[in-house]
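Listed here are the chains, written in short residue letters.
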Amino acid sequence: MQWRSIVIGLLLLRLALNCVLWLTFGLGFYQNFYSQKVDLYGENEKVAFENPSWLNHNPQNGDSKTWSKNVKHTSKNSYLNYFEDSKDEYAQKYNSFPDNLKVKMKDMAKEMFYFGYDNYMKYAFPEDELNPIDCEGRGPDVLNPSNININDVLGNYSLTLIDILDTLVVMGNVSEFHKAVKLVIETVSFDKDSTVQVFEANIRILGGLISAHILLTDSKQPFGNVGLQDYDNELLHLAHDLAVRLLPAFENTSTGIPYPRVNLKRGVPPDSINETCTAGAGSLLVEFGILSRLVGDSTFEWVARRAVKALWKLRSNETGLLGNVVNIQTGQWVSKQSGLGAGMDSFYEYLLKSYILFGDKEDHKMFNAAYESIQSHLRRGREACNEGEGDPPLYVNVNMFNGQIMNTWIDSLQAFFPGLQVLSGDVENAICLHAFYYAIWKRFGALPERYNWQLQAPDVLFYPLRPELVESTYLLYQATKNPFYLHVGMDILQSLEKYTKVRCGYATLHHVVEKSKEDRMESFFLSETCKYLFLLFDEDNPLHKSENKYIFTTEGHVVPIDKRFREKVWKDEVVVANTEKPEVRPANTSINCNRIPDERRYALPLKSVYMRQIDHMVGLL
């Protein structure tokens, strides 16, 4: 009988041990995701993830290839072999996308655009925006001039109509485009007592006018007969008038970095602050540069380029990073946070896009140097996107001078960065970062303005219908033609229809968890979000079939990559000293998009094991 007692005792001990392990790695999973190892598979195929290392400082000596501990595998235990030999729910869900469904999604995106556009024209025009819940127009908040959330953007100049002009062309509606152009010519004036943000007026209004003008006057007419009879460059004249009214922002600054706001009638307000963000001051070059070439006046490009060079000169000598907010008179950094989101995003974007448009090698050098610093100091996680052990790559907010992490949130504007990585040729890193943002979208049906990756919860809960994730999805699909990205687009479309559609349009989500709404539909929803969704599913769009090559501004406006923009019609009168460090090409970049092998184009862009890992890390599993 004694041996039976021993056996029973051993069995009970083993059962107790199994319960403890189950509680530790089962119920306890991700209650603290900084102290766990997870068995994602069975007894014979184990994948143990190291403790997430995003809080750890980047590697010493600038070695950008050792962001996390690498663990070697035998071929027997490698989860790469497991992925290659197995089918799972991720592959089954995402590995194909029927043509008829693609047509349905394209039509759905078009209907979404016209539901918002038609109601704007019916209830809001000539005001700047539509309040989609009350079915009313919205203009500047004249009773509260300090309400910069509204007044920075709305200038009483029919913002939404100007912002969407080229979208009408992209969607093939030439007659409505002509009608809209005539309305702008007949009704819009910038002789307004409106104080607006230079950055917003530039990307939304100036960019919209320039893009529409180019489409109207393009002799090749890739979108069909878009030309308008008796058109006499009126949109270009309006763009020039607006840009002249923005020029006072560049005056009386000891650094050359512009003031953030101007009054369209009186110039810089007397009480204007001396602080501006890096993106706001350094993202004017594309629109100003094109305008200079169209009107033959170097002034606009010169002031915009001077601001970029001034910011670039202020970067850290140790890390090569820039801060978020700078004093335009002293050149001192007010905010030393360096990241990829709000306040910095389009600065990096326009370094590359300016080079693509204008061919200035100095822009390319600056972008390459900036990208190297980003990869060395902001990027955390495993070295390779699609192989190896460790946490998925993530770009964090750090101190510009030492690379130390400053907080544990990322913001929704950072979702643009995979698209920029595609343009730079770094498709692999783009795939990984995009997958992280898509996982957040799947969890909430939207992107919270800020997401705390340590707490797995939103820090700032609203979603104003931003386009950045859709933009990156579109560009990744163009680079890889992988049906996974069509599924992402479908998920986004269906979420927008389900959670944001209201009586007269689509409304900002006030709370991404509760899905409560705010009565505002920003112009970029129609000019960017709907445009990218439509193009994602419209394989035969002239934009994709034309011999012409195009690029999108940061507001999603279409501009051609045209040799005339690489030719200056003036002589440079000012020589600026070269302050560049030697060019260092980032190790992870390529000059083209051929990093994705053919055999992977219809497999998942990111292996299932890593998708599952990311889904765990945002609380989906």
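- Under an unreviewed UniProt entry, the name given to the chain is alpha-1,2-Mannosidase, and the source organism is Acipenser oxyrinchus oxyrinchus.
- UniProt lists a comment for the chain under the heading Subcellular location (unreviewed entry), and it reads "Endoplasmic reticulum membrane".
- In its Cofactor (unreviewed entry) section, the UniProt record describing the chain reads: "Ca(2+)".

Some points on the pattern of salt bridges
- Across all of its chains, the model carries 25 salt bridges by this definition.
- Put simply, arginine 466 and glutamate 449 hold a salt bridge, and the shortest N to O gap is 2.8 Å. One end of the pair, arginine 466, is in the loop between strand S14 (457-460) and helix H18 (468-480); the other, glutamate 449, is in the loop between helix H17 (427-444) and strand S13 (450-452), with 17 residues separating them in the sequence.
- Relative accessible area serves as the criterion here: at 11%, glutamate 449 is assigned to the buried category.
- Ionic pairing is found between aspartate 540 and lysine 545, a salt bridge with its closest N-O pair at 3.7 Å. Here aspartate 540 and lysine 545 have matching classes, each one exposed.
- Linked by salt bridges that have partners in common, Glu129, Arg138, Glu200, Arg204, Arg520 and Glu522 make up one network.

What about the side chain of serine 158?
- For serine 158, the location among the structural elements is in the loop between helix H5 (148-151) and helix H6 (159-163).
- A relative accessible area of 4% places serine 158 in the buried class.
- If we ignore the near neighbours within four places in the chain, the residues touching serine 158 are Tyr120, Phe125, Pro126, Glu127, Asp128 and Val188.

Quick look at the state of the cysteines
- Within this structure, the stated rule accounts for two disulfides.
- Disulfide pairing places cysteine 135 opposite cysteine 504 at an S-S distance of 1.9 Å. Given an S-S torsion of about 90°, the disulfide between cysteine 135 and cysteine 504 has right-handed geometry. You can see cysteine 135 sitting in the loop between strand S1 (129-131) and strand S2 (136-138) and its partner cysteine 504 sitting in the loop between strand S15 (501-502) and strand S16 (505-506), a full 369 residues away along the chain. For the pair cysteine 135 and cysteine 504, one class covers both residues: buried.
- What pairs with cysteine 385 in a disulfide is cysteine 432, and their sulfur atoms sit 2.3 Å apart. Measuring the twist about the S-S bond at about 100°, one finds the cysteine 385-cysteine 432 disulfide to be right-handed. In this pair, cysteine 385 sits in the loop between strand S9 (379-380) and strand S10 (394-395) while cysteine 432 sits in helix H17, placing the two residues 47 residues apart along the sequence.
- Residue class for cysteine 385 comes out buried when judged on its relative accessible area of 4%.
- Along the chain, the cysteines that take part in disulfide bonds pair up as 1-4, 2-3, counted in sequence order.

Overview of the sheet that holds strand S6 (residues 325-327)
- With antiparallel pairing, the three strands of this open sheet are ordered in space as S5-S6-S7. With one partner strand each, in any of the chains shown, strand S5 (275-277) and strand S7 (333-335) form the two edges of the open sheet. On average, each strand axis in the sheet is tilted by 35° relative to the strand beside it, whichever way the strands run.

Considering the sheet that holds S13
- Read across the open sheet, the three strands follow the order S12-S13-S14; overall the sheet is antiparallel. Single-partner strands in this sheet number two, and they are strand S12 (409-411) and S14. Taking the axes of each pair of neighbouring strands and ignoring which way they run, one obtains an average angle of 35° across the sheet.
- Pairing of S13 with S14 involves three bridges; the strand directions are antiparallel. By the bridge assignment for S14, arginine 450 is matched with valine 460.

What to know about unusual backbone geometry
- Of note, the bond from phenylalanine 125 into proline 126 is cis; its omega dihedral lies within 30 degrees of zero at 10°.
- Within the fold, proline 126 resides in the loop between helix H4 (99-124) and S1.
- In this model, glutamine 221 sits at a positive phi of 45°, which is unusual for a non-glycine residue.
- Residue placement: glutamine 221 occurs in the loop between helix H9 (198-217) and helix H10 (234-246).
- In this structure, lysine 481 takes a positive phi of about 55° despite not being glycine.
- Mapped onto the elements, lysine 481 comes out in the loop between H18 and helix H19 (484-499).
- Here lysine 481 falls in the partly exposed class, since its relative accessible area comes to 27%.

About the criteria used
Residues numbered from 1 in each chain as written. Predicted model: local features only at pLDDT ≥ 70, side-chain atom pairs only at ≥ 80, totals over all residues. Heavy atoms only, no water. UniProt positions renumbered as here; feature names shortened; annotations may be inferred. Salt bridge = Lys/Arg side-chain N within 4 Å of Asp/Glu carboxyl O. Helix = DSSP H or I, 4+ residues; strand = E, 2+ residues; numbered from the N terminus. Buried < 20%, exposed > 50% of the residue type's maximum accessible area, 1.4 Å probe, protein only. Contact = heavy atoms within 4.5 Å. Disulfide = S-S within 2.5 Å. Pairing = 2+ DSSP bridges. Axes fitted to C-alpha atoms, helices over the stretch in contact; angles between N-to-C directions.

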